[in-house]
Amino acid sequence: MTTKIYFASILHFSQKTQQPKDDFSYFKDGALVTRNGKIEAVGDAKSLSEQYVEAIPADYRGQLIVPGFIDSHLHFPQTEMLASYGEQLLDWLDNYTFPTEKKFADPEYAAKIADVFLRQLYRHGTTSAMVYSSVHQCSADALFSAAQKNNMLLIAGKVCMDRHCPTWLQDTPEIAQKESAELIERWHGKDRLHYAITPRFAPTSSREQLHALGELAQQYPDVYIQSHLNENLNEIEWVNSLFPDYNGYLDVYDKFNMLRPKSMFGHCIHMQEHEWQRMADSGASIAFCPTSNLFLGSGLFDLVTAEKYNIPVALATDVGAGTTFSMLRTLGEAYKVGQLRGEQLQPLHGLYLMTQGAAVAQDLDDQIGNLNPGTDADFVIIDPHFDELTRLRCEEQSEIKEIIFALSMLADDRAITATYIAGEPVYQANA
């Protein structure tokens, strides 16, 4: 068995907690030991080096090891349209998203972009993600296949939509159920892969399709469910006009059996009081997508209320309405959203939302999101001094929370020295 020991400063959250800013483990002179793709030990460098004298060493002193970042909501077919100018949500879908996603009917094209997409995740320190493909079954196959090659923990699903989008992007209730079931059988639970039943959002699925997907959710109770919820005021008005006999947007998913643990809803900006409570009771989770919400002018997510209701929240990029693959930069934007709401997001709290907190939201904290012994060796090595400015800002005596905050404002892919998945490097800056 191959044992490796990595010397660096080490930071992670070892417990489920609602007070992450106060509940973390930090070893300034630390070591991380891995064996056969798992975390073997984490702690003080001196004691672990004496305990694991046979381990192959890697010296990253002066740098920082954290758990691999988890991106809980993004669209891989939108990789090439990131930073497309203008529009709010509904026009943006019509003018940019749908024409781009049409290309993914071609399996070779889907495979090409899947590789680009995953390389971008890795170079920004993201080791796990919850992803939307296009409506085409082959696009989901391409993404799962590419992730499997690196033993990545990936949750993904074929988008389902049978109305209010171009005819060349529509499926049907029968096709959506059949192709999603085939993908579940082919990929869910294979290696580290998981499937998510994925209606794009309520307006693009007929009641017949939502019923078919709800049946599928009942047939496969351990799969994930992902969709969008209460993102844009015009969108909400549209949902209410399409489903006038339902008690709001969330109730649509609820009535079709898609509100439960392992359900992840993106955005949730304009929530009614009864929706907060129902979501809390259901065990569902929220993906907070600050760069997308700001870019599309959708609104400011209420993290404080979500946590008051004990709803698990995970940070997410929402590429391509989101403007960066960097979870560190996304954390910086989440801080700004809090400032605009008159609330302060503490740096370590923010880091929690993209590591352990995200894993809790996905019911995967026994596998990822932390550096606890026995979990998968998904981790990132960060250089807080990657350029002249960060060397000046993150001086040696800086507290760890100050370093994380500075990186959330200044970092990009240059801050990532290496990204490891299941103990193997998938990205190395100098390779």
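Below or above, wherever it landed, is the structure these notes cover. Note that the structure is predicted; figures quoted are calculated from it, not measured.

Notes on the overall build of the protein
Summing up its helical and strand segments, the protein has 16 helices and 16 strands in all. Taking 22 Å as the expected radius of gyration for a compact globule of 431 residues, we find that the protein reaches 21 Å, a close match to that expectation. With respect to the three principal axes, the spread of C-alpha positions in the protein is 65 × 45 × 40 Å. Long-range contacts, defined here as pairs at least 24 residues apart, represent 75% of the contacts in the protein between residues at least 6 apart. On the protein, roughly 16,000 Å² of surface is accessible, and the fraction owed to carbon and sulfur atoms is 48%. Counting 34 positive and 57 negative side-chain charges, the protein places the centres of these two groups 3 Å from one another.

Re the environment of leucine 153
The residue leucine 153 is located in strand S7 (residues 153-157) in this model. Linking leucine 153 and threonine 305, residues 152 residues apart in sequence, is a C-alpha distance of 30 Å. In this view, leucine 153 contacts Thr127, Ser128, Ala129, Arg192, His194, Leu364, Gln367 and Ile368; residues no more than four positions away in its chain are not counted.

Brief notes about the side chain of serine 133
By the element assignment, serine 133 lies in the loop between strand S6 (126-132) and helix H4 (137-149). For serine 133, a relative accessible area of 1% puts it in the buried group. Of note is the side chain of serine 133, whose polar atom sits 3.3 Å from the side chain of serine 139.

Side note on the sheet that holds strand S16 (residues 424-428)
Taking strand neighbours across the sheet as the criterion, the seven strands line up as S3-S2-S1-S4-S14-S15-S16 in an open arrangement whose pairing is mixed. Single-partner strands in this sheet number two, and they are strand S3 (38-44) and S16. Strand after strand, the sheet turns through a mean of 35° between neighbouring axes, direction not considered. Pairing between strand S15 (residues 416-421) and S16: four bridges, direction antiparallel. When the sheet's bridge partners are listed, tyrosine 420 is paired in S16 with proline 425. Along the sheet, helix H3 (residues 107-123) contacts S15 and S16; its crossing angle with S15, the most-contacted strand, is approximately 115°.

Focus: the pattern of salt bridges
With the rule as written, the count across this model stands at 22 salt bridges. Among the ionic pairs, aspartate 141 bridges to arginine 186, the shortest N-O distance being 3.1 Å. Here aspartate 141 is found in helix H4, whereas its partner arginine 186 is found in helix H5 (residues 173-187), with 45 residues between them in sequence. Here lysine 336 and glutamate 333 are joined by a salt bridge, their closest N and O atoms 2.8 Å apart. Taken together, the residues span about one helical turn, with lysine 336 and glutamate 333 both in helix H12 (residues 327-340) at a distance of three residues. Under the relative-accessibility criterion, glutamate 333 is labelled buried at 16%. Linked through salt bridges whose partners overlap, the residues forming this network are Lys38, Arg192, Asp376 and Asp378.

Details of the pairing of S7
Counting buried positions over the five residues of S7 gives five, a clear majority of the element. The side-chain alternation of S7 yields two buried faces, one formed by Leu153, Ile155 and Gly157 and the other by Leu154 and Ala156. Pairing between S6 and S7: five bridges, direction parallel. Note on S7: the bridge partner recorded for valine 131 is alanine 156.

Rules and cut-offs
Residues numbered from 1 in each chain as written. Predicted model: local features only at pLDDT ≥ 70, side-chain atom pairs only at ≥ 80, totals over all residues. Heavy atoms only, no water. Helix = DSSP H or I, 4+ residues; strand = E, 2+ residues; numbered from the N terminus. Rg over C-alpha atoms; globule rule 2.2 N^0.38 Å. Contact = heavy atoms within 4.5 Å. Areas by Shrake-Rupley, 256 points an atom, 1.4 Å probe, with all protein chains shown as cover. Lys, Arg positive; Asp, Glu negative; His and termini not counted. Charge placed at Lys NZ, Arg CZ, Asp CG, Glu CD. Buried < 20%, exposed > 50% of the residue type's maximum accessible area, 1.4 Å probe, protein only. Polar contact = N/O pair within 3.5 Å; in protein donor to acceptor, adjacent residues only side chain to side chain. Pairing = 2+ DSSP bridges. Axes fitted to C-alpha atoms, helices over the stretch in contact; angles between N-to-C directions. Salt bridge = Lys/Arg side-chain N within 4 Å of Asp/Glu carboxyl O.

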